[in-house]
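# Coordinate inspection notes
Each chain, written out:
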Amino acid sequence: MSCWAIIAAAGSGSRMGGDRVKTLQELGGRPVICYSVERLKRACDGVIIAVREQDIRAFQHALAGYDLPEDAFVVGGSDRRSSVHRALSRLPEDCDLVLVHDAARPLVSRTLIDRVIDHARRLGSAVPAEPITDTVKRVDQQGRSIETLQRTVLRTVQTPQGFHRTLLESAYEEVEGPASDDASLVEQLDLPVHLVDGEPENIKLTLPGDLERAEEILAAHRMPRVGLGYDAHRLEKGRPLILGGVEIPFDRGLMGHSDADVAVHALIDALLGAACLGDIGQHFSDTDMAYAGASSLDLLYRTVDLLSQHGFVPSNADISIAAQQPRLAPHIPAMRLRLAEAMKVSEGRVSIKATTTEGMGFEGRGEGISARAVALIHIRR
């Protein structure tokens, strides 16, 4: 199903304060709007952004580096409902699934976006929601408490909210009156709205202090994440010896489903571990014939792309290879270059060391080779 995102950014954000529209104010050194556009553009086939007419050029300037066509912008209406309605009319004919997102929620994660897309495709709707932990009171016009609500049946909802296009268009055409979100319109069609787990950090920027809170969340995310990887393979005759993506002259090679490059395998596990994305076996199973004889360097390229999809980029790596033979020192510069290219970092960020085990263990007896890797990653800004 073709999936498009509508980003509602036509509000003035007057409660936020400042001399600019709140979604054009800076967060972490760039405009707030950039965060939503970057993540949704990666997850969807296209985006439509609803903005005030007087702000179109400012938004185009802020998003100049995101390769958006001119028709990605639509002039919003006087309220959120009319803005989204106008954006719906601009979707391409082949669009089947629509995500509607508030631009004032810049910290939405790729994981949450994917969860909404998956559930909306299967169920027709998907709205992220969080349980309420505080006691909630209903008050009268004088501000006096008149009822304590049962919080176990209450939820706060977030965006993006995902729907089959026909469902959302029907809601906007058939239901009259204002709407605080898209789900409230669908509910009035007496159709189910399915909830999915939201995220506490997917906050909405509304008041001045919210921007400061978002900066704190970003700062915590930018803390480096460390992963550790280990791999070992047996040496056998009749196989080429591949280490660090480089073929090394030797009378034996490493046995494995792929080319059995222990250095790269250890690095892949370190990168996946740092991102909490499992291990190499989960993504490139040794029972899958698609990876029989595969180049481990190609698997590293795929791993780096996978990290990118989850918002991570490699920072540096340190790899230690244990082998009694052959002598690896002459080949280390070529290994560093190959791995740096795959990780999309400079060669100076990849360290490779070779050591022997002084004749001890399976490495020392020449039965196999092992490698250990430490990798540092950070969240892409």
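One structure accompanies this document, and this report is about it. (Residues numbered from 1 in each chain as written. Predicted model: local features only at pLDDT ≥ 70, side-chain atom pairs only at ≥ 80, totals over all residues. Heavy atoms only, no water.)

What follows is about the overall build of the protein. Scanning the protein from N- to C-terminus turns up 12 helices and 19 strands. Along the longest, intermediate and shortest principal axes, the C-alpha atoms of the protein span 85 × 45 × 40 Å. In the protein, buried positions account for 50% of the 381 residues. Residue pairs at least 24 apart in sequence account for 71% of intrachain contacts in the protein once pairs closer than 6 positions are excluded. Each charge class in the protein can be summarised by its mean position, and for the 43 positive and 53 negative side chains these summaries are 4 Å apart. (Helix = DSSP H or I, 4+ residues; strand = E, 2+ residues; numbered from the N terminus. Buried < 20%, exposed > 50% of the residue type's maximum accessible area, 1.4 Å probe, protein only. Contact = heavy atoms within 4.5 Å. Lys, Arg positive; Asp, Glu negative; His and termini not counted. Charge placed at Lys NZ, Arg CZ, Asp CG, Glu CD.)

Overall, mixed pairing links the 5 strands, which are arranged β16-β13-β19-β17-β18 in an open sheet. Each having just a single partner strand, β16 (252-254) and β18 (350-355) make up the two edges of the open sheet. Taken pair by pair, the neighbouring strands of this sheet meet at an average axis angle of 25°, ignoring direction. Of the strand pairs in this sheet, strand β13 (residues 225-237) and strand β19 (residues 368-379) are connected by 10 bridges, and their pairing is antiparallel. Bridge pairing links G227 to A375 in β19. Helix α8 (residues 262-274) contacts β13, β16, β17 (312-322) and β19 of the sheet and is inclined by roughly 155° relative to β13. (Pairing = 2+ DSSP bridges. Axes fitted to C-alpha atoms, helices over the stretch in contact; angles between N-to-C directions.)

So, about the side chain of S370. Tracing the backbone through its elements, the reader meets S370 in strand β19. Of the residues examined, S370 reaches a relative accessible area of 0% and is grouped as buried. Engagement of the side chain of S370 in a polar contact is seen with the side chain of E363, the distance being 2.6 Å. Apart from residues no more than four positions distant in its own chain, S370 is found in contact with Y230, D231, A232, V262, S320, I321, A322, F362 and E363. (Polar contact = N/O pair within 3.5 Å; in protein donor to acceptor, adjacent residues only side chain to side chain.)

In this section: the packing of helix α1 (residues 32-43) against helix α4 (residues 110-123). Packed helices, taken two at a time, are described by their axes: the angle between them and the distance between them. At a minimum axis distance of 10 Å, the contact between α1 and α4 shows a crossing angle of 45°. Viewed along their axes, α1 and α4 adopt a mutual orientation that is oblique. Read as a crossing pair, α1 and α4 show a hand that is right-handed. Touching R39, L40, R42 and A43 of α1 are R110, I113, D114 and I117, all from α4. Class assignment for the residues of the contact of α1 with α4 results in 4 nonpolar, no polar and 4 charged. (Parallel < 35°, antiparallel > 145°, perpendicular 65-115°, else oblique. Left-handed = near helix turned anticlockwise from the far one by under 90°. Nonpolar A, V, L, I, M, F, W, Y, C, P; charged D, E, K, R; others polar.)

Moving on to the side chain of R105. Mapped onto the secondary structure, R105 falls in the loop between β6 (95-102) and α4. It turns out R105 is buried and unbridged, and the closest side chain with the opposite charge, D102, is 4.3 Å from it. For R105, the side chain forms a polar contact with the main-chain oxygen of N202, separated by 2.6 Å. Discounting chain neighbours no more than four positions away, the residues touching R105 are S36, V157, Q158, T159, N202, I203 and K204. (Salt bridge = Lys/Arg side-chain N within 4 Å of Asp/Glu carboxyl O.)

One side chain can pair with another of opposite charge once the charged atoms of both are near each other. Under the definition given, this model contains 15 salt bridges. Among the ionic pairs, E38 bridges to R30, the shortest N-O distance being 3.1 Å. The burial state of E38 is the same as that of R30; both residues are buried. Between D251 and R252 there is a salt bridge, and its shortest N-O distance comes to 3.3 Å. Given a relative accessible area of 45%, D251 falls into the partly exposed group. Overlapping salt bridges bring together R80, D102, D182 and K204 as one network.

Every other side chain in a regular strand lies on the same face of the sheet, so the side chains alternate between the two faces. Note that β6 and strand β11 (residues 161-164) share 4 bridges and pair antiparallel. What sits directly across from V100, in β11, is Q161. As defined by bridge partners, strand β7 (residues 125-131) adjoins β11 across 2 bridges and the pair is classed as antiparallel. By the bridge assignment for β11, A126 is matched with G162.

Attention shifts here to the nonpolar core. Inside soluble globular proteins, nonpolar side chains tend to come together where they are buried. Judged by nonpolar contacts, the single largest core of 50 residues is most densely connected at L243, L267, L300, I321, L339 and I369. Elements with a minimum of two residues in this core: β14 (241-243), β15 (246-248), α8, α10 (296-309), β17, α11 (332-343), β18 and β19. It is α8 that provides the largest number of residues to this core, a total of 10 residues. Sequence-distant contacts of L339, that is, excluding residues within four places in its chain, are made with G244, V264, L267, L297, L300, I319, V350 and I352. (Core = buried A, V, L, I, M, F, W, Y, C linked by side-chain atoms within 4.5 Å.)

Don't take any of this as a statement about function, it's just geometry.
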